[in-house]
Amino acid sequence: SAQRQLEGLEQSSSDVRRELEEVARRAQERVEQVQADLERRIDAVSVEASERIARLCTVQDELAHKLREALDTVVEPVCRQADQCTSRLDVAEEMLAALRSESSSHGEWVSE
């Protein structure tokens, strides 16, 4: 009777060991599946991030080009025109100063 109980316990122990090994094997498989899935997701996110960065760089380049065009076609011509106006104003002020000087020497006053 004790022998049969011992054999029964050994069988039970062996069965429990096999079940634990099976649980450990399935857990390891699941861990590997999850790890592979995470690696695929990380790769997909990395690819998407790279594509978005490339699109942002393209947009940035386009904006820089448009800004350069705006500077060339609008801002710089306006600045040149302003410089020309300033030069003309300087000449006009010099002429006015000369007229004032000349008129004051004749006793006349030229008002602004």
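Relevant structure appears above.
Rules and cut-offs
- Residues numbered from 1 in each chain as written.
- Predicted model: local features only at pLDDT ≥ 70, side-chain atom pairs only at ≥ 80, totals over all residues.
- Heavy atoms only, no water.
- Disulfide = S-S within 2.5 Å.
- Buried < 20%, exposed > 50% of the residue type's maximum accessible area, 1.4 Å probe, protein only.
- Helix = DSSP H or I, 4+ residues; strand = E, 2+ residues; numbered from the N terminus.
- Expected span 1.5 Å × (residues − 1).
- Bend = angle between axes of the 7 residues up to and from the residue.
- Contact = heavy atoms within 4.5 Å.
- Patch = residues over 30% accessible without salt bridge, like charges linked within 9 Å, V, L, I, M, F, W, Y side chains within 5 Å.
- Areas by Shrake-Rupley, 256 points an atom, 1.4 Å probe, with all protein chains shown as cover.
- Salt bridge = Lys/Arg side-chain N within 4 Å of Asp/Glu carboxyl O.
- Polar contact = N/O pair within 3.5 Å; in protein donor to acceptor, adjacent residues only side chain to side chain.

A. Summary view of the state of the cysteines. In this structure the tally under the stated criterion is 0 disulfides. Between Cys85, a free cysteine, and Cys79, which holds the nearest cysteine sulfur, the sulfur-to-sulfur gap is 12 Å. The exposure class of Cys85 is partly exposed, given its relative accessible area of 41%.

B. Structural view of helix 1 (residues 2-105). Taking 1.5 Å as the rise per residue, helix 1 with 104 residues should run 154 Å; its terminal C-alpha atoms sit 144 Å apart, in good agreement. Considering bend angle alone, the principal kink of helix 1 is centred on Leu71 and spans about 40°.

C. Representation of the environment of Arg41. Secondary-structure assignment places Arg41 in helix 1. Distance from Arg41 to Ala98, taken between C-alpha atoms, is 81 Å for residues 57 residues apart in sequence.

D. Here's a closer look at the environment of Pro77. Mapping Pro77 onto the fold places it in helix 1. Taking the C-alpha atoms as reference points, Pro77 and Gln11, 66 residues apart in sequence, are found 97 Å from one another. Once residues within four sequence positions are removed from consideration, Pro77 is found in contact with Leu71 and Asp72.

E. Just a nonpolar patch on the surface, in detail. A cluster of nonpolar residues, Val34, Leu38 and Ile42, forms a patch on the protein surface that exposes about 250 Å² of accessible area. If you trace the backbone, Leu38 turns up in helix 1. Judged by relative accessible area, which is 44%, Leu38 ranks as partly exposed.

F. Summary view of the environment of Thr73. Note that Thr73 resides in helix 1. By relative accessible area, Thr73 is classed as exposed at 58%. Residues Thr73 and Asp15 lie 58 residues apart in sequence; the distance between their C-alpha atoms is 86 Å. In this structure the side chain of Thr73 is engaged in a polar contact, spanning 2.7 Å, whose partner is the backbone oxygen of Glu69.

G. Region of interest: the pattern of salt bridges. The final tally for this structure, using the stated rule, is 9 salt bridges. Note that Arg18 and Asp15 form a salt bridge whose closest N and O atoms lie 2.3 Å from each other. Note that Arg18 and Asp15 are positioned in helix 1 at a spacing of 3 residues, about one turn of the helix. Through salt bridges with shared partners, a single network forms among Glu22, Arg25, Arg26 and Glu29.

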